[in-house]
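Observations on chain architecture
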Amino acid sequence: MTERQRRLLHLLTRAYIETGRPVPSRWLAERLGVSPATVRYDLADLEAAGLIEKPHASAGRVPTRQGFRQYALAQLPPEPLPHDTVERLARVLTGSGSRWPQLAAQMATRLGGYPVVVRLSEPGPPRVLQVHLSNLGGGQLLAVAVLEGGRVLEGVVPFDLDDDGFLEQAERWLRGPYPLAELGRKSAPTPQLAELARKLTSAFSGPGAERYLEGLGTMLAQPEAQDPEFVRRALDLLEQLPAGPITPARRLNVRVGDVEGLSLVQAGFQRGGRAGELTLIGPLRMRYREALSVAESLSRALEGETVHAR
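Residues numbered from 1 in each chain as written. Predicted model: local features only at pLDDT ≥ 70, side-chain atom pairs only at ≥ 80, totals over all residues. Heavy atoms only, no water.

1. Digging into the overall build of the protein
Of regular secondary structure, the protein possesses eleven helices and eleven strands. For the protein, the C-alpha radius of gyration of 26 Å lies well beyond 19 Å, the compact-globule estimate for 310 residues. Based on the C-alpha atoms only, the size of the protein along its principal axes is roughly 90 × 40 × 30 Å. Every one of the 310 residues in the protein was classed for burial, and the buried ones make up 44%. Put simply, of all contacts in the protein between residues at least 6 apart along the chain, 61% involve residues at least 24 apart. Split by element, the accessible area of the protein, about 15,600 Å² in all, is 49% carbon and sulfur. If you average the places of the 38 positive and of the 35 negative side-chain charges in the protein, the two averages end up 8 Å apart. (Helix = DSSP H or I, 4+ residues; strand = E, 2+ residues; numbered from the N terminus. Rg over C-alpha atoms; globule rule 2.2 N^0.38 Å. Buried < 20%, exposed > 50% of the residue type's maximum accessible area, 1.4 Å probe, protein only. Contact = heavy atoms within 4.5 Å. Areas by Shrake-Rupley, 256 points an atom, 1.4 Å probe, with all protein chains shown as cover. Lys, Arg positive; Asp, Glu negative; His and termini not counted. Charge placed at Lys NZ, Arg CZ, Asp CG, Glu CD.)

Shown next, in the form of structure tokens:
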């Protein structure tokens, strides 16, 4: 691809993102200051490379998935948001206490105009302080595990109880501290306690990441949402996230069209000893430049940093 063809592809993609309509070759020629014939030759080369296509015989061109991907990657590294904006974001997040994940998701969707998912890893291997057991009757126990830091896990465990005195013995044996992951491997003095430990391990298992979603209505406001199939795919994607490992801190990830018609812009960060990821979800015709700026700048604000515009 020549430099002129690269400029042509980027101009065409930006125009299509803004209008949602095929871009005529004459309009492109006027913006680039070259002849219509030159633009047509370059468009033919881009079409042969699979970067653009012509949806109708008499229409202009639109980017393909590969064309969008080329354009999105060309926006890296992104231009940061204004320095004073990032400073304000960092100050608000600092004063938000435990609400910072929800607030970060709200900020990102307001700035970017797309749905946002924030997910966080576990703060560390959870450690059990004590386990409370209550007989619910009917062969079931209510188990409540108190973890370091005040977090509580609950579960109902099927267990045949012959002697209520067993619960007191079990609670003494289950007293911590010890890593939750070692609960099922504790050396039990009786087979009955070993069986209980295995069942408690299953009852206390769950997803290892927290997840916060904001801005679903912004997806439904996209012109593509007139297509019910697009809405179905978007909702399926939002339900499936998180998926895969969290994007590493200080890294950006652009996933263009991995799910048909949809793109993700992701930024990793570290806050309070926890790994986190900010994901903006939009249509293939996403405003990648703005989305990347929001993701990059807000992830830095979450780390308590600010970035200067280049």
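Resuming the write-up.
2. Quick look at the environment of Ala-59
Structurally, Ala-59 is set in the loop between strand 1 (52-53) and strand 2 (62-63). For the pair formed by Ala-59 and Arg-21, sequence separation is 38 residues and the distance between their alpha carbons is 9.1 Å. Discounting chain neighbours no more than four positions away, the residues touching Ala-59 are Pro-22 and Lys-54.

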